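Residue-level structural notes
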Amino acid sequence: MKKLINRAEDVVREELEGFAAAHSDRVKVSLDPYYVMRADAPVHGKVAVVSGGGSGHEPMHGGFVGMGMLDAACPGEVFTSPTPDQILAATKAVSGGAGVLHIVKNYTGDILNFEMAADLAKEDGIQVEAVVTNDDVAVQDSLYTAGRRGVGITVLAEKICGAAAEAGRPLAEVAELCRKVNSNGRSMGMALTSCTVPAAGKPTFELAEDEMEIGIGIHGEPGRERRKLATADEIVELLATTVVDDLPYRSGDKVLAFVNGMGGTPLIELYVAYRALDRFLKGRGITIERNLVGPYITSLEMAGMSITLLKLDDEMVRLWDAPVNTPGLRWGV
Amino acid sequence: MKKLINRAEDVVREELEGFAAAHSDRVKVSLDPYYVMRADAPVHGKVAVVSGGGSGHEPMHGGFVGMGMLDAACPGEVFTSPTPDQILAATKAVSGGAGVLHIVKNYTGDILNFEMAADLAKEDGIQVEAVVTNDDVAVQDSLYTAGRRGVGITVLAEKICGAAAEAGRPLAEVAELCRKVNSNGRSMGMALTSCTVPAAGKPTFELAEDEMEIGIGIHGEPGRERRKLATADEIVELLATTVVDDLPYRSGDKVLAFVNGMGGTPLIELYVAYRALDRFLKGRGITIERNLVGPYITSLEMAGMSITLLKLDDEMVRLWDAPVNTPGLRWGV
Amino acid sequence: MGAGYPQCLAMVRGFAKAVAANRDYLTDLDAKIGDADHGINMDRGMTAVLPKVAALTDEDISGLFRTVAMTLISTVGGASGPLYGTVFLQLSTSLKGEVDVGPSEWAAAVTAAVEAVQSRGKAQPGDKTMVDALLPAAAALRQHSEQGSSLAEALAAATKAAHDGMEATIPLVARKGRASYLGERSAGHQDPGATSSWLLMQAAEEALAKGN
Amino acid sequence: MGAGYPQCLAMVRGFAKAVAANRDYLTDLDAKIGDADHGINMDRGMTAVLPKVAALTDEDISGLFRTVAMTLISTVGGASGPLYGTVFLQLSTSLKGEVDVGPSEWAAAVTAAVEAVQSRGKAQPGDKTMVDALLPAAAALRQHSEQGSSLAEALAAATKAAHDGMEATIPLVARKGRASYLGERSAGHQDPGATSSWLLMQAAEEALAKGN
Ligand SMILES: Nc1ncnc2c1ncn2[C@@H]1O[C@H](COP(=O)(O)OP(=O)(O)O)[C@@H](O)[C@H]1O
Ligand SMILES: Nc1ncnc2c1ncn2[C@@H]1O[C@H](COP(=O)(O)OP(=O)(O)O)[C@@H](O)[C@H]1O
Ligand SMILES: [Mg+2]
Ligand SMILES: [Mg+2]
Ligand SMILES: [Mg+2]
Ligand SMILES: [Mg+2]
């Protein structure tokens, strides 16, 4: 295992300490229990937006805390959902009296821990709504499984709902918007290499030099299938076809196209992929109104990428364009 | 070689096409010859700031084109400096009548090609000043060598000089400022893994599982020495000591601390490193006034990091804080 | 005579020891069909439990299990944190005021615990989860307690049933938890949570049986 | 009788062929002490040269080398683009109006070319660059031209001198170019640019000697 770390068991704490030192102008970091919150939280009268999940996906979620996006984020251990006491403490710390939205990615652990925390917060008189994101089309959705995983759409939902909350919209509306973003979003990812969980010390899976994993999750969970390596154009076509056909996205639709790096893939390759996606969508008559290219929801040092599409309406475009000031996403301010 | 690319010989063009498609709101891209320029160039009466170098270091330089930073960037083939005709074409395209600053990293190839281009531009009546960055303390500086390499300071110089040019400062001042930034900056990097040049198809060097390369360049050039793998704290101490002692940075100094990822290193590790740097500098009585953490001057998919320090004065802080709107760095707008 | 506080404490410590010894094994199982952290998660939790239970002064079985539950909930995270938290929280509730845990008390407590896990996690038998080890263990305990077996006999049967249940997860296609994302590809691998549940039943057997 | 336009064209084509054949070899040498692109760079440039020179209609040696120079300058990049561009630009200047290149014209042209490389790149002999192959080659050409050797003899001596110069770069510590960043670690490796310069002298020998 080759990593810039000290002891595996200290990675999350030390990352948070580094993050706190770097961004004390915008965020405050609690180390016991772990959470990151806006420096100016609680914002009175504003719906607070809280998310969280395992660490190892940076900048998500802590990097998205700040004006116009999240009020707080709860990082768990690497790839392990946070615990209820973290989520409860963060929820209480940022609650400004207008209720709290929990944005939860659809993993059993995340759901159970956020549920427990929401129950406890409600006992404390805080109004909590939870919205679960589940955009990953690599996974068969079925009543008889845990359903689809929450991946890239979470980043977009956090931005859009953060802007809505910043604009003073009430909890029910912000939650409804979050469900709308989620239901208009679809994603699929792939990996060229595995990641290595620091505490495990060895790669989660092995891929031969000429293999790739299609439909990979963001925790190194095995994907839909293992295939022979292909070109960027072929890979993008495969992912984008599955994504587009699932919702489906139709000719005339306007979308936000998000090409995400898994952590070990450099920007040069993401732009090669974006080029392919741009051409693919043009061929389907779908217009890219907005885009995001870069490593925003990562999987440690995994090499690979994911594609997320979000079907936009005017309201979503306005909220996407609204000012945001976080360590991970910033514009308009 | 596992990369999200099509043919190795098409990587740079396809990356530029993807970049153009993603950022047409802010940049224009010429494909023959290759260069990226501000969408609103030439800005009349403003000094134009132009840089360039081999591809494979994204977001540098193309990602730094836009309001408040570069007017144009010339990408060469992967790790190969651009050619004079590219640089000349870019220089002409963005020249707004107030002269053009060439920011050139100190590599023989970059120097020679920029020199040729500057000669040709001068023949065309354009006033050109070139400033060479050479901040890499891993390399012995001597009259009898090519001197130190230009690395991380280049990013900071482009931001600060771009802001000065935007503020209407004349060419001589912007060039002088660039020299000041360079002479107050020092850097050093290290690698955990090699990168693979697409056209070469195999790693530039081999490192054993328990080895790292200290003093690596941004082109996979071998570094100062090969060592046994160490902890993040030890690595940061090693790099930072060399950097701090070189200028030297002294107790009471205010600096911009830049922890840069080499392309394959995830943000979580960079924050672990930033924590160590923050502590190290505190121990030396040096204050971090501003910081930058992320992959900004990369080396394809290499895992590793570099540390750059820039000793700040009030003018540099103001110019650093000034609005910038590029695909790679954005704030204040 | 059933098990008292010292035996229950020994069971908690024994489970911590078994989890530590099987940390890599559980993690490797999770790497196959999950995210390679189950052993790490459980070990982090049970390592945190040890000083907490060592600090307890009043010898209260229910309080002991409540401490285990709250510590797991606040240190484990993931799916297993709330689920094992639920197991121990329910053991605590069921054994409120109990000082001498015999076969019927233990059977009732384990049965309630697995029901609580099911109500929280919505897993059915055959979904390839810890439920597939816990449910047969609870059934074995009930059967032996009804038959009037000794606590030692009941506990041994529970371990055996948990072990069989665990092995029976191998061919199953997961329908709950992270492994369910794999669909058919989850078949052929043993469920990590069922494996740690077997370790729990084994720790109970080794410690509680000493109470007889 | 010296070499004419067809021989000069054959030399350019021969150099392109040699560079293509040695693309990986040159790149591997550069990986050791540079950035693993010298063969790729030179091959990109010489591949671009081929259609350009094929399109030339007037059989002008100076114009031929000027086309090679401009094409290398605008396609190679790196250090070798301007430097090989300078070599061919100087050959073009030196051979202006020349139709029959004999030993003394070639010796003078190569001498001027390496001087131009030195004035652009500031490398001294022993700095571990292409200069270490080109300078001895130029000296050998001058010596043979003064002795009145045939063009074939002079070219053969130049190739041999370039080869020896190239091999002599192995123990050197680089003081110019990217390899100089390595300091002492650059010793023990052959300079890639000196190697491509030897290939150039070899291509000259093979093609120009045919002019006799
Ligand atoms: N809904 C559920 N009901 C019961 N057990 C579950 C459920 N989901 C997951 N599990 C159990 O949790 C185990 C995984 O735990 P762990 O790896 O620690 O958490 P995570 O899946 O969040 O990484 C699985 O092997 C399974 O036995
Ligand atoms: N200043 C110089 N003078 C002469 N030759 C040089 C100089 N700098 C570099 N070279 C030659 O250029 C070669 C490297 O070329 P290449 O790898 O194509 O360019 P780069 O170093 O820019 O990647 C070196 O092996 C050396 O022979
Ligand atoms: Mg997990
Ligand atoms: Mg090069
Ligand atoms: Mg797991
Ligand atoms: Mg080179």
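Fair warning: this is a prediction, and the values are worked out from it, not measured in the lab. (Residues numbered from 1 in each chain as written. Chains lettered and ligands numbered in written order. Predicted model: local features only at pLDDT ≥ 70, side-chain atom pairs only at ≥ 80, totals over all residues. Heavy atoms only, no water.)

So, the overall build of chain C
- Within chain C, the secondary structure is distributed over nine helices and zero strands.
- Reading chain C from its N terminus to its C terminus gives the helix and strand order α-α-α-α-α-α-α-α-α.
- A globule of 212 residues ought to have a C-alpha radius of gyration of about 17 Å, and chain C, at 16 Å, matches this closely.
- A principal-axis box enclosing the C-alpha atoms of chain C has dimensions of 45 × 40 × 30 Å.
- By residue count, 58% of the 212 residues in chain C fall in the buried class.
- Of the roughly 7,700 Å² that chain C leaves accessible, carbon and sulfur atoms contribute 55%.
- Charge separation in chain C, taken as the distance between the mean sites of 18 positive and 23 negative side-chain charges, equals 7 Å. (Helix = DSSP H or I, 4+ residues; strand = E, 2+ residues; numbered from the N terminus. Rg over C-alpha atoms; globule rule 2.2 N^0.38 Å. Buried < 20%, exposed > 50% of the residue type's maximum accessible area, 1.4 Å probe, protein only. Areas by Shrake-Rupley, 256 points an atom, 1.4 Å probe, with all protein chains shown as cover. Lys, Arg positive; Asp, Glu negative; His and termini not counted. Charge placed at Lys NZ, Arg CZ, Asp CG, Glu CD.)

Some details on the relation of the copies chain A and chain B
- Structural alignment of chain A on chain B gives an RMSD of 0.0 Å, achieved by rotating through 180° and translating 0.0 Å along the axis. Both chain copies can therefore be described as sitting about a two-fold axis. In terms of C-alpha distance to the rotation axis, chain A has Gly-264 of chain A as its closest residue, with the C-alpha 2.0 Å off the axis.
- Comparing contact sets, 100% of the residues at the interface of chain A also lie at the interface in chain B, consistent with an isologous, same-surface contact. (Least-squares fit on C-alpha atoms with pLDDT ≥ 70 in both. Contact = heavy atoms within 4.5 Å.)

Description of the site of ligand 1
- Taken together, 21 residues are adjacent to ligand 1, and His-38, Ala-79, Ser-80, Asp-191 and Gly-193 of chain C come closest.
- Chain contributions to the surroundings of ligand 1 come from chains A and C.
- Between ligand 1 and Gly-121 of chain C, the relevant distance is 2.9 Å, taken from a nitrogen atom to a main-chain nitrogen or oxygen of the residue.
- Backbone polar atom of Met-130 of chain C to an oxygen atom of ligand 1: 3.0 Å apart, as the coordinates give it.
- When isolated, ligand 1 has an accessible area of 560 Å², and the protein chains bury 97% of it.
- Counting residues per element, the ones that place at least two in the shell around ligand 1 are helix 3 (38-54), helix 5 (80-94) and helix 9 (192-208) of chain C.
- Classifying every residue of the shell around ligand 1 by side-chain character gives six nonpolar, nine polar and six charged. (Near = heavy atom within 4 Å. Polar contact = N/O pair within 3.5 Å; in protein donor to acceptor, adjacent residues only side chain to side chain. Nonpolar A, V, L, I, M, F, W, Y, C, P; charged D, E, K, R; others polar.)

With respect to the packing of aromatic side chains
Residue and element names in this part refer to chain C.
- Within this structure, the stated rule accounts for 14 aromatic pairs over all chains.
- Centroid distance Phe-15 to Tyr-84: 6.1 Å. Interplanar angle 40°. Geometry classified as tilted. With Phe-15 in helix 1 (residues 5-21) and Tyr-84 in helix 5, this pair connects stretches of sequence that are 69 residues apart.
- Judged by its relative accessible area of 0%, Tyr-84 is buried.
- On the numbers, 6.5 Å between centres and 35° between planes, the contact of Phe-15 with Phe-88 is tilted. With Phe-15 in helix 1 and Phe-88 in helix 5, this residue pair connects regions lying 73 residues apart in the sequence.
- When its relative accessible area of 0% is taken as the criterion, Phe-15 is described as buried.
- An aromatic cluster is built from Phe-15, Phe-65, Tyr-84 and Phe-88, whose rings are joined through pairwise contacts. (Phe/Tyr/Trp six-rings, centres within 6.5 Å; stacked < 30°, edge-to-face > 60°.)

Examining the confidence of the model for chain C
- Confidence along chain C averages 95 in pLDDT terms, with 99% of residues attaining 70 or more.
- Under the prediction, the complex receives an ipTM of 0.92, its pTM being 0.94. (pLDDT = per-residue confidence, 0-100.)

Digging into the environment of Glu-58 of chain A
- Looking at the secondary structure, you find Glu-58 of chain A in the loop between strand 3 (48-55) and strand 4 (72-78).
- On the basis of relative accessible area, Glu-58 of chain A is assigned to the buried category, the value being 9%.
- Not counting the four nearest positions on each side in its chain, Glu-58 of chain A is found in contact with Glu-15, Tyr-296 and Thr-298 of chain A together with Leu-267 and Ile-268 of chain B.

A closer look at the interface of chain A and chain C
- Tallying the contact residues gives 39 residues for chain A and 31 residues for chain C.
- Where chain A abuts chain C, roughly 2,600 Å² becomes buried across the two surfaces, and 57% of that area is made up of carbon and sulfur atoms.
- Where chain A touches chain C, the interface holds four salt bridges.
- Across the pair Lys-202 of chain A and Asp-28 of chain C runs a salt bridge whose closest N-O atoms are separated by 3.1 Å.
- Put simply, chain A and chain C have twelve residue pairs in polar contact (both at pLDDT 80 or more) between them.
- Looking at which element gives the most residues to the side of chain A that touches chain C, the answer is helix 3 (residues 108-123) of chain A, with seven residues. (Buried area = accessible area lost by both parts, 1.4 Å probe. Salt bridge = Lys/Arg side-chain N within 4 Å of Asp/Glu carboxyl O.)

Topic: the sheet that holds strand 1 (residues 27-31) of chain B
Residue and element names in this part refer to chain B.
- Spatial ordering of the open sheet is given by 1-2-4-3-5-6, a layout of six strands whose pairing is mixed. Strands at the two margins of the open sheet, each flanked by one partner only, are strand 1 and strand 6 (128-133). Each adjacent strand pair in this sheet contributes to an overall mean axis angle of 20°, direction not counted.
- Judged from the two bridges that link them, strand 2 (residues 34-38) and strand 4 (residues 72-78) form a sheet pairing that is antiparallel. Each residue of the ladder has a partner; that of Met-37, found in strand 4, is Ala-72. (Pairing = 2+ DSSP bridges. Axes fitted to C-alpha atoms, helices over the stretch in contact; angles between N-to-C directions.)

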